[in-house]
Amino acid sequence: MVKVILYGFTVGIFSSRKLQRACQENLAFKYLAGMETPAFKTFIEFRRRHREDMKAVFVSTVKLARALGLARLGAVALDGCKLGANTSKHKAMSYGRMQEEERGLKAEIEGMLKKAEHPGEPIEGKKQIPFADHDARCHSKKGEGTEYVYNAQAGVDMESRIIVENHIEDSVQDAHAAGPALENMERDFGQPPEKLVADAGYGNKDTLEACRENEVTPVCATRREGKEGAQAGKLDSFSYERGEDLFVCPHGQVFDSDHERPKDGKRAYRSREVVACECSHYRTADGRGVITVHPGHLAKREFNRIMGEAGHKELYRRRKCTVEPVFGQIEDGMGRWWRIRCFGRRSLAGWPPMLNY
Ligand SMILES: [Zn+2]
């Protein structure tokens, strides 16, 4: 069964009925099925029963590839893709309204919440929960309205183009996906990649911290392509000394690290001397200037510094032709059927690594 299903993935046959027919008509399928002709219901039942085991099969394929010297986990490109969910926004309602209809729906809601959220996490009254796919999230795109999507994340080994990690993000944003991706690679292969290559959607403090924790070098853009140079802030004209943690304004004033504001995590840097220029955000009574720096700004500076290291710009450019074709192939090859049918939703473990050569 596994052979038949996996081979089905590689040639674009996913539905149980089509697999049944293939086992009757197609020589390759007949051979793999040992000349048996399983009924489509058997495929359905097999998938349902072995959902968890199938995840392990995909991880094993990557382990095998690693044993053969492929998928070294040198540089892994991470990207996300919004896949349409098999649910209708018209069939979702706000949690607030659900509560109003509590009597009839109570049991259903409880089951739904358990599935939709991490245990213990409060749900906002307005949060839309789709009925059919609890992991789908509402996503609005200009001109296209709102629809339910999965934010599917895939990590692709850039050398071998093998998918080494996948998960469904809990948010439509990619911003927090790096941490779970690195954890999954650590769990599955006992080590994280050397480098994580990602676009500006990941260029934030969380990604930087996740990479530091796992001793991974993040090769990450901080601005969307085509938007370079846009919206340069006051601080962008400052230079930053990483070793001493100080900023220098264009007029040569030195701002030393002073304190971190507990309420928002912003860091205050105070000038050594009384300032004459307008670079500081405000001045204290003694005439010294203070700049407040968002932690994200420091993260961006760090990403830019790393991007400037030898070979990293070139590596980042290669990301585009590594990870994006993977999503292209998945969408082309699998079409709408791909949406949720494979092997469970939370993991979408149906990402067949071998689809990518
Ligand atoms: Zn200045």
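Residues numbered from 1 in each chain as written. Predicted model: local features only at pLDDT ≥ 70, side-chain atom pairs only at ≥ 80, totals over all residues.

**Looking at the overall build of the chain**
Helix and strand counts for the chain come out as 12 helices and 14 strands. Within the span of the chain, comprising 357 residues, buried residues form 32% of the whole. Long-range pairs, those at least 24 residues apart, make up 59% of the contacts in the chain between residues at least 6 apart in sequence. (Helix = DSSP H or I, 4+ residues; strand = E, 2+ residues; numbered from the N terminus. Buried ≥ 20, exposed ≤ 12 C-beta atoms within 10 Å, placed from the backbone. Contact = placed C-beta atoms within 7 Å.)

**As for the confidence of the model for the chain**
A residue-level look at the chain finds 72% of positions with pLDDT of 70 or above and a mean pLDDT of 79. Per-residue pLDDT stays below 50 along residues 116–123; that stretch engages in 5 contacts with residues further than four places along the chain or on separate chains. This stretch, residues 336–357, has a pLDDT under 50; its non-local contacts, to residues over four places away or in other chains, come to 61 contacts. (pLDDT = per-residue confidence, 0-100.)

**Topic: the nonpolar core**
Judged by nonpolar contacts, the single largest core of 34 residues is most densely connected at Val-76, Leu-78, Val-156, Val-164, Ala-178, Leu-196 and Val-197. If near-sequence neighbours (up to four positions away) are discounted, Val-164 is found in contact with Val-62, Ala-71, Leu-73, Val-76, Gly-155, Val-156, Asp-157 and Met-185. (Core = buried A, V, L, I, M, F, W, Y, C linked by C-beta atoms within 7 Å.)

**Brief notes about the packing of helix 2 (residues 16–25) against helix 4 (residues 40–49)**
Here helix 2 crosses helix 4 at 125°, and the two axes come no closer than 8 Å. Taken together, the axes of helix 2 and helix 4 are oblique relative to one another. Here helix 2 and helix 4 pass one another in a crossing that is right-handed. Between helix 2 and helix 4, the residues in contact are Ser-16, Arg-17, Leu-19 and Gln-20 and Phe-40, Phe-43 and Ile-44, respectively. Residues belonging to the contact of helix 2 with helix 4 are distributed by class as follows: 4 nonpolar, 2 polar and 1 charged. (Axes fitted to C-alpha atoms, helices over the stretch in contact; angles between N-to-C directions. Parallel < 35°, antiparallel > 145°, perpendicular 65-115°, else oblique. Left-handed = near helix turned anticlockwise from the far one by under 90°. Nonpolar A, V, L, I, M, F, W, Y, C, P; charged D, E, K, R; others polar.)

**Describing unusual backbone geometry**
Phi at Ala-71 is positive, roughly 45°, even though this residue is not glycine. With respect to the helices, strands and loops of the structure, Ala-71 is situated in the loop between helix 5 (51–67) and strand 1 (75–84). The exposure class of Ala-71 is buried, given the 26 C-beta atoms found within 10 Å. One non-glycine residue with positive phi stands out, namely Asp-245, at about 55°.

**Regarding the sheet that holds strand 11 (residues 254–260)**
In spatial order, the strands read 9-10-11-12-14-13; together these 6 strands make up an open sheet with antiparallel pairing. Unpaired on one side and paired on the other, strand 9 (239–241) and strand 13 (282–283) mark the two borders of the sheet. Here 3 bridges tie strand 9 to strand 10 (residues 246–248), and the two strands are oriented antiparallel to one another. Directly across from Tyr-240, in strand 10, lies its bridge partner Phe-247. (Pairing = 2+ DSSP bridges.)

**A word on helix 8 (residues 178–189)**
With 12 residues, helix 8 extends 16 Å between its outermost C-alpha atoms, agreeing within 8% with the 16 Å of an ideal straight helix rising 1.5 Å per residue. Looking at helix 8, one finds that the buried residues are Ala-178, Ala-181, Leu-182 and Met-185. The buried residues of helix 8 all sit within an arc of 95° when viewed along its axis, so they share a single face. Downstream of helix 8 by a residue or two, Gly-190 has a phi angle that is positive, lying close to 75°. (Expected span 1.5 Å × (residues − 1). Arc of directions from axis to C-beta.)

**A short note on helix 9 (residues 205–213)**
Since there are 3.6 residues in each turn of an α-helix, residues three or four apart along the chain are aligned in direction. Buried residues of helix 9: Thr-207, Leu-208, Ala-210 and Cys-211, and no others. Relative to the axis of helix 9, the buried residues are bounded by an arc of 165° and lie together on one face. On its buried side, helix 9 packs onto helix 8, strand 7 (195–198), strand 8 (217–220) and helix 10 (295–307). Glu-215 occupies a position one or two residues after helix 9 and carries a positive phi of about 55°.

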